Amino acid sequence: MAMNKEDFGIIVGINQYPELGALSGPENDATDFRDWLISPEGGAVPPENVTLITCPQPPATSVFQAQPTTVQLDNAFEHLHVRANEDGRGGVAGRRLYIFLAGHGFAPNLEDAALLMANASRGRTGHHIPGRPYANWFRTAAYFEEIVLFMDCCRENYRRAPLRLPPWEDEHSETAKDVRYFYGFATEWSRAARETPQQPDSRVMGHFTTALLAGLRGGAADELGRITGRSLKRFVLGYLPTLLPADQHQVPTFDFDDTKDMDFGAAQPPVIPVRITLTGSSVGREIQLQDGWLQPVFGKVQRVQPDLWRATLSCGLYRVRILGGTSKVFEVIGDGTREVHVEL
Amino acid sequence: MNFDKAADNWTLGPVKPGRVRLDVRGRDPQTQITLINSAFQPIASEQDHLIRDLPPGLYKLRFQVGTLTHEIHQVLEATGQTVRVDAPWVEFDSPVPLADTRQALQAHGSAARERSQIVDVRHGIGGQLFIFVRDWNAPGSEHPGTGLTLHDLQGQQLVDLSKAGAWEEREGNSWAACNIELRPGSYRLRVDAGKEGMFEQIIVVCKDWQTQMFLLRREYSLQGQRVRRANLADAALLLSRPGEGFRSSYDPVSRIEEVARLALSQRQPYLPRPLLKGPPNLGFYAPMLGLYAAHSLLGRRTAEPKLSEPDLHVLHTLVDRLSISIPDHPDVDALQLWLGKSPSTSFHQPPMLLSSWSLIVEKTANHPGFVPANSLAANISRYLCGHGPWLIWQQDAATASPQPATPEIEFDEVEQALLASLRRTPSSQATEQPLTSGSPPFLDSLSIPRLVRQLELPSTVIEAAIAGLRQKLRTVPAHELSKLTGQRPARWAARSTRDLPSRIPSRSRLAQREHSRLFDVHTALRSPGRIADYSTFNKGKQGGGAGASGPIPALTVVAHPMPERVGDRCLLTGLVAGREVPISRNVPDFPRPGEALGLPLSDPGLSRKPWVLSPGAQPGAVRVDPGESRQVVIQGLAPQGPWELSPEQIADGMPIELGERVVVLLHLADPSVNEPANALGMVGNSIGVQVVRRHIEKVADLKVPVLIRGETGSGKELIAQALHKSGHRRDMPFMSVNLGAITKELAASELFGSAKGAFTGAVKKQGLFQAADGGTLFLDEVGEAPPEVQAILLRVLETGEFFPVGEHTPVRVDVRLVAATDALLEKQIQEGRFKEPLLHRLAGYEIRVPPLRERREDIGLLFHHFAREALESVNEAHRLKPEEPDVDPWLPTSLASRLVRYGWPGNIRQLRNLTRQIIIGSRGRSTLWLDPRLEEEISGFTPAPPVTPRPPSPMTPSFRIPAVIPSLPDKPPSSQRPKLADFSEEQIIAALEANNWEIKKATEQLGVARSTLYDWLNRSPHVSSANRMSRGDLARHLSECQGDLVLMSQRLKVSRWALVLRLKDLGLIQGEDD
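Because the structure is predicted, anything quoted here is derived from the model rather than measured.

1. Some remarks on the overall build of chain B
- A tally of regular secondary structure across chain B gives 37 helices and 40 strands.
- Out of the 1074 residues in chain B, the part that is buried amounts to 56%.
- For chain B, restricting intrachain contacts to residue pairs at least 6 apart in sequence, the fraction spanning at least 24 positions comes to 68%.
- A total of about 43200 Å² of accessible surface is found on chain B, and carbon and sulfur atoms cover 51% of it.

Given below as structure tokens:
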């Protein structure tokens, strides 16, 4: 597959915060997102166009040595400034810019989310990168035709933290209004974003990134096999709750102009393994599987044991019923790497 | 959606074959219902009610209330029957959004729920106030809830919450709770944190509701010290029905209430428009949300001076519902007043929302009678100010002597019921009865047969209760009696006024101040920066207050070993009142402008013995008495006795160096302004900057062209950007063009664009006017524009349209013009170099930017602002974050003092460049250093303030600093005073040794300025500093010298004075002999 040579990515994952407590997932999130970004089947961005920023090893024990700080991030962004202003580029750095930020975060106001840098602490939350203003800066400058921003961090409300703005002079391009954008935040304002060991390999990852990558890897493909901003939003909103424990809520938010939807590639709509377990008096009985039109599904489900049936289904709503007995509606959603479990 | 559901059902007609009718109802009108098909695609979305005919299948229904979402699966079978679905009650896992609050409520949810259902104290009847506080106790007490007291508006203490309620002590997680039954009305909740401050919040208790308040403690570290605050701005306040208790698992409405409160305090519109459409019965079951929604609507007036018709309709309906749900509530009265409806009271009680008070003030501006002159609200208006979304009572700590508490009387349940019945008895029955202590005759009006039916109790029990009540009410003061019984005589308001404590000024005096005070509050409401996030309010520490007007002397920290202290300010209100103001390491506090709490200068190198500022002999002059501190240096000289600084010197700003550690600037400041130092993107708190900010706020949302005048480098483009970002064009382009740099040949195509082939090499190009369409076009250096450019600009300004070069169709754009110049355009007009009509067109509104020399108090902040950027670029950002407070100052005081006194002809741009040069030149050094060229530059030009001859003053016999500053630059011409560079290192050390390392004497011997010797000592690798020596080394030398400090200073080659300070700090010697 051809690579998108004019696409760029700045990816940040911060695990180590000497004063805020370490996380386990952000660097995994960042590396996995980078892997998707540089894969020909994924973002198809040349590796040399992708900047991955994580914490150096060994971890710093003091905020004064902790990295990355805003300096490293600003430097990464400023390389794009330089590129846009090279002779002959006409103020254009590339086609699409991906910004991915994962770590501790907060919401300085209702609209924004900010990634705390490794040297931040309580009372020193000024060490942060606010994703939206940075992304908006590149939109306004029209250095790229498309801006993609994903932030997997908390958006708890810290009223006292001042919003740090991009440290560059404003640049307004006449084509700014044509720049497409797609912003995704792990959670709504004032809410926490969570991480947990994810199956199948128990790597700790953010729920949002897990759902996001599942969508980008094909889970969000629509009936025509296209992954668009709209289908991605729909998928993440539907899939993320399935990753959460029953007593947790995390509702991602997305911001984009759906009249200018964005293309994230194409994939075969996934086929997802489903395991149906029968309990109590249902064990050993026949089941019927119905699709979203209440039509029977044939040939895709088979009994493995008296209390276990297996199926492979495409995304959608289904109903399983014991003939003459109880029934249950369930959702099949994902990228095919996780099994959907239904108990009846 | 405001439609008849049955009619809608009818409109759809019979269900077609093969379809199923789905009828979904929201639980409340703001429920957004989304229908999703089996492929997870949304296929319909409605508010409150959704009805569709659908093919049989599997569907999802999503219910959203505000930011909450709940989904259910729905099976539609082909039964031919309508499937009716009612929205579930959407629950959310965490109660309130704030991290701290959520943490508190998750930890204490069950305790809060339980305690809110039990009445702890009865002080009236009709409503309840439940207060839950986490981890709060007064300083010096371990008992939870201490320092929390409830007062009536007259200041009389009603309840001490730590004694009346319940509590639990848990390490770092204690709580106290108290549920008080009260007569509906406004009260003052006092939180007393001792010397760290006090505030009182207005809380309204309304009939048949329980007002629930959740208060938290916030602690933070400031320069190594723990500072505590009662976290009022983030406190949650809810209204719930008595007995329902606190809902620890919040329903969506409570969640939205919280978000709406925060949005209101942040002045951000939160309630989405669909939420406000439809039957707005929010006020019925969630009065707080109703109030927030109403104010959110009114908040839109910033962009649109009047409410739109739909909004106005919603507001009317909302207020109608609120007036039913919480009648007599002053916040509802305020809304009614704004809508022109007759409020139910005459504002005897203040509201609890700051924005409600704003409405009252706004209306009062045109109709003073709305707040009657003798009403309680009018009399206390001078004490009211804003805090977050809330209205608080400005308690003057100096006069806050505790009021004698009313004896608390316990009423049993039957007596409470009798009081309730009494309150329901029309007040008119008792109107003619004078309310005095003694046997209340109105008890006779109670009907025992009716009470028997009502209370389901035997008549004997009721008769006994009446007798008991009669006995208890004999001891109640008259004004309390009226509260308990609700029997108000006609002259209640006047009686209440007389009952006010004597410290509340008389009516006649208030009459003069009342209106201006109301406007003060009103002005503050229009100023978002005023709503600072502080919690414990202390008027004394804030300074100013109702009595202060106009600029007053202030000290602003310009340099400090802890750079975060730069910009902290102490208002010298004592000087205005004619008192002395002592300054030392420990007093007074220097809060950051906009905050109530601050720390003293605190530097361990400063003396505990104060130097004193006092009013000078001449009006406006200030006398500086160094006292015994011997650390005060003014203009490089240490005064040996009192000095007097003239009003001109103070107006210009006079830096004062303290112990080679700290520099403060004595200057004039506006005490009423409390904005953050970076509001609108402009760094500084000077009066000049505040004036510019006010101008920006006034004109930002108008289309009127603005002309910004100011010297070169003073930040004109920054102001243009602030204008753009503060107005409704903020999301549109901001284009900037330097008219001085544009050639007359290309001017037209640059400004208006060109068609392809319009001239040689021309391509189709969009001009700046078109690029800025909908936004702002900034014309910089408009005074330098060539005459031809002036002409084409004038043409487009006059006609409103232009022709791109080579085009024949005129183009009309919507552009707001902001121009800037440092030229004297009037003079250019006289000389024929600038077109007068163009000036008039551009100067629809003028803003003058003060030069940096007129805002010297901002130089410290600006220097550190630029230094922070420069230090990050050289990876030395840690210089501004010292770990220990006793480190050597990174910015030497002599340098800071010179920076502040320098004239800055290039203004902020010059300061920025010079800062960068100093930082880069000092790379790798722990202390900033000036190379000779920079030294010469900042010593080369400093304009003196105007001279006003003054008669000699008997109060300043010893010394006086001249109004004209002859020592600027610091050093006199070389013919009069040698430079330190004229001496070799050996000569300098010899002079120091000859004078036992006393800097002052050594400089006198050498004839050089002390500041240069300090700089030299800081730079020299051959001399040591007492501050850099370890405790062990110093202890060893002290022992070896047997306590002889002169010998020790000679041995160590350090200043004896610095050595003494260091030894005392380390506890190696005792005494206050500094």
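2. Observations regarding the overall build of chain A
- A tally of regular secondary structure across chain A gives five helices and 20 strands.
- Evaluated residue by residue, chain A yields a buried proportion of 56% over its 344 residues.
- At a minimum sequence separation of 6, the contacts of chain A that also span at least 24 residues come to 71%.

3. Examining the packing of helix 28 (residues 859–873) of chain B against helix 30 (residues 907–921) of chain B
All names here are of chain B.
- Contact pair helix 28 / helix 30: the axes reach a minimum separation of 9 Å and the direction vectors enclose 50°. Classed by the angle they form, the pair helix 28 and helix 30 counts as oblique. Crossing angle aside, the handedness with which helix 28 passes helix 30 is right-handed. Together, I859, L862, F863, F866, A867, A870 and L871 of helix 28 and I908, L911, R912, T915, R916, I918 and I919 of helix 30 make up the contact between the two elements.
- Residues of the contact of helix 28 with helix 30, tallied by class, amount to 11 nonpolar, one polar and two charged.

4. Some details on helix 8 (residues 309–325) of chain B
- Spanning 17 residues, helix 8 of chain B covers 24 Å between terminal C-alpha atoms, matching the ideal 24 Å at 1.5 Å per step.
- Within the sequence span of helix 8 of chain B, burial applies to D311, V314, L315, T317, L318, V319, L322 and S325 of chain B.

5. Details of unusual backbone geometry
- In this structure, P58 of chain A follows Q57 of chain A across a cis peptide bond, with omega equal to -5°.
- Note that P58 of chain A resides in the loop between strand 2 (50–53) and helix 2 (70–84).
- A positive phi angle, near 55°, is found at E660 of chain B, a position not held by glycine.
- When you line up the elements, E660 of chain B lands in the loop between strand 30 (654–658) and strand 31 (662–669).
- Phi at E781 of chain B takes a positive value of approximately 50°, unusual for a residue other than glycine.
- In this structure, E781 of chain B sits in the loop between strand 36 (776–780) and helix 25 (787–799).

6. Re the sheet that holds strand 26 (residues 611–615) of chain B
All names here are of chain B.
- Overall, antiparallel pairing links the four strands, which are arranged 23-26-27-29 in an open sheet. The outermost strands of the open sheet, each flanked by one partner alone, are strand 23 (581–583) and strand 29 (643–645). The mean angle between the axes of side-by-side strands here comes to 25°, regardless of whether they run parallel or antiparallel.
- In this structure, strand 26 lies alongside strand 27 (residues 622–625), joined through four bridges in antiparallel fashion. In the strand pairing of strand 27, V612 is matched with D625.

7. As for the environment of T893 of chain B
Residue and element names in this part refer to chain B.
- Mapped onto the secondary structure, T893 falls in helix 29 (residues 893–901).
- On the basis of relative accessible area, T893 is assigned to the buried category, the value being 5%.
- Taking the C-alpha atoms as reference points, T893 and E657, separated by 236 residues in sequence, lie 6.2 Å from one another.
- Ignoring anything within four residues of it in the chain, the contact list for T893 reads E657, E660, R661, V662 and V663.

8. Re the sheet that holds strand 36 of chain B
All names here are of chain B.
- Taken together, five strands build an open sheet; the order of strands is 33-36-39-32-40 and the sheet is parallel. Each edge of the sheet is formed by a strand with only one pairing partner; in this case those strands are strand 33 (734–738) and strand 40 (845–848). Across the sheet, the axes of successive neighbouring strands diverge by a mean angle of 20°, strand direction being ignored.
- In this structure, strand 32 (residues 706–709) lies alongside strand 40, joined through four bridges in parallel fashion. Bridged to V706 within strand 40 is Y845.

9. A word on the state of the cysteines
- What the rule picks out here adds up to zero disulfides over all chains.
- You can see C154 of chain A has no disulfide; the closest cysteine sulfur is in C153 of chain A, sitting 7.1 Å from it.

10. Some details on the packing of aromatic side chains
All names here are of chain A.
- Inspection of the entire model under this criterion finds 34 aromatic pairs over all chains.
- Ring geometry for F150 against F182: centres 6.1 Å apart, planes inclined by 70°, an arrangement best described as edge-to-face. With a gap of 32 residues between them, F150 in strand 7 (residues 144–152) and F182 in strand 8 (residues 180–185) connect regions that are remote in the sequence. Just as F150 is buried, F182 falls in that class too.
- When the ring of F182 is compared with that of F256, the centres are 4.9 Å apart and the planes differ by 50°; the resulting orientation is tilted. With F182 in strand 8 and F256 in strand 12 (residues 253–256), this residue pair connects regions lying 74 residues apart in the sequence.
- Using a relative accessible area of 15% as the deciding quantity, one classes F256 as buried.
- Taken together, the ring pairs in this structure connect F33, W36, Y98, F100, F150, F182, F208, F254, F256 and F264 into an aromatic cluster.

11. A look at the side chain of T34 of chain B
Residues and elements named next belong to chain B.
- With respect to the secondary-structure elements, T34 resides in strand 2 (residues 32–36).
- At 3.3 Å, the side chain of T34 forms a polar contact with the side chain of S45.
- Among all residues touching T34, those that are not within four sequence positions of it are P42, A44, S45, K60, L61, R62 and Q64.

12. Re the environment of R912 of chain B
- Of note, R912 of chain B is situated in helix 30.
- Linking R912 of chain B and L862 of chain B, residues 50 residues apart in sequence, is a C-alpha distance of 8.0 Å.

13. Details of the nonpolar core
- Ranked by size, the top nonpolar core spans 44 residues in total, and within it L101, L115, F138 and F144 of chain A carry the most contacts.
- Of all the secondary-structure elements, those providing two or more residues to this core are strand 1 (7–13), helix 2, strand 3 (94–102), strand 5 (114–116), helix 3 (131–141), strand 7 and strand 8 of chain A.

14. Quick word on the pattern of salt bridges
- Scanning the model with the defined rule gives 41 salt bridges over all chains in all.
- We note a salt bridge from D652 of chain B to R856 of chain B, for which the minimum N-O separation is 3.5 Å. With D652 of chain B in helix 20 (residues 647–652) and R856 of chain B in the loop between strand 40 and helix 28, the pair connects residues that are 204 residues apart, well separated along the chain.
- Overall, R856 of chain B belongs to the buried group, its relative accessible area being 3%.
- Of the charged contacts, one joins R1036 of chain B and E1040 of chain B as a salt bridge, the two residues approaching to 3.7 Å between their closest N and O atoms. Taken as a pair, R1036 of chain B and E1040 of chain B lie in helix 35 (residues 1031–1040) at a separation of four residues, close to a single helical turn.
- Look at R1036 of chain B and you get partly exposed, because its relative accessible area is 41%.
- Among the ionic contacts, a cluster of salt bridges with common partners joins D7, R95, R96 and E146 of chain A.

15. Examining the pairing of strand 2 of chain B
Residues and elements named next belong to chain B.
- Taking burial as the measure, the five residues of strand 2 include four buried ones, the bulk of the element.
- Bridge count between strand 2 and strand 3 (residues 42–47): five bridges; the pairing is antiparallel. Of the residues in strand 3, the one forming a bridge with Q32 is Q47.

16. Points about the side chain of S162 of chain B
All names here are of chain B.
- For S162, the location among the structural elements is in helix 3 (residues 161–164).
- Take S162: its relative accessible area is 5%, and that puts it in the buried class.
- At 2.8 Å, the side chain of S162 and the side chain of D160 are in polar contact.
- Among all residues touching S162, those that are not within four sequence positions of it are H143, P144, G145, T146, L148 and W167.

17. Here's the deal with the confidence of the model for chain B
Residues and elements named next belong to chain B.
- Overall, the predicted model of chain B reaches an average pLDDT of 71, with 67% of residues at or above 70.
- Here residues 91–101 is modelled with pLDDT under 50, and outside its nearest four sequence neighbours on either side it reaches 44 contacts, counting other chains as well.
- pLDDT under 50 marks residues 488–549. Its contacts with residues more than four places away, or in other chains, come to 152 contacts.
- Taken together, the chains of this predicted complex give a pTM of 0.45 and an interface ipTM of 0.82.

Calculation rules
Residues numbered from 1 in each chain as written. Chains lettered and ligands numbered in written order. Predicted model: local features only at pLDDT ≥ 70, side-chain atom pairs only at ≥ 80, totals over all residues. Heavy atoms only, no water. Helix = DSSP H or I, 4+ residues; strand = E, 2+ residues; numbered from the N terminus. Buried < 20%, exposed > 50% of the residue type's maximum accessible area, 1.4 Å probe, protein only. Contact = heavy atoms within 4.5 Å. Areas by Shrake-Rupley, 256 points an atom, 1.4 Å probe, with all protein chains shown as cover. Axes fitted to C-alpha atoms, helices over the stretch in contact; angles between N-to-C directions. Parallel < 35°, antiparallel > 145°, perpendicular 65-115°, else oblique. Left-handed = near helix turned anticlockwise from the far one by under 90°. Nonpolar A, V, L, I, M, F, W, Y, C, P; charged D, E, K, R; others polar. Expected span 1.5 Å × (residues − 1). Pairing = 2+ DSSP bridges. Disulfide = S-S within 2.5 Å. Phe/Tyr/Trp six-rings, centres within 6.5 Å; stacked < 30°, edge-to-face > 60°. Polar contact = N/O pair within 3.5 Å; in protein donor to acceptor, adjacent residues only side chain to side chain. Core = buried A, V, L, I, M, F, W, Y, C linked by side-chain atoms within 4.5 Å. Salt bridge = Lys/Arg side-chain N within 4 Å of Asp/Glu carboxyl O. pLDDT = per-residue confidence, 0-100.

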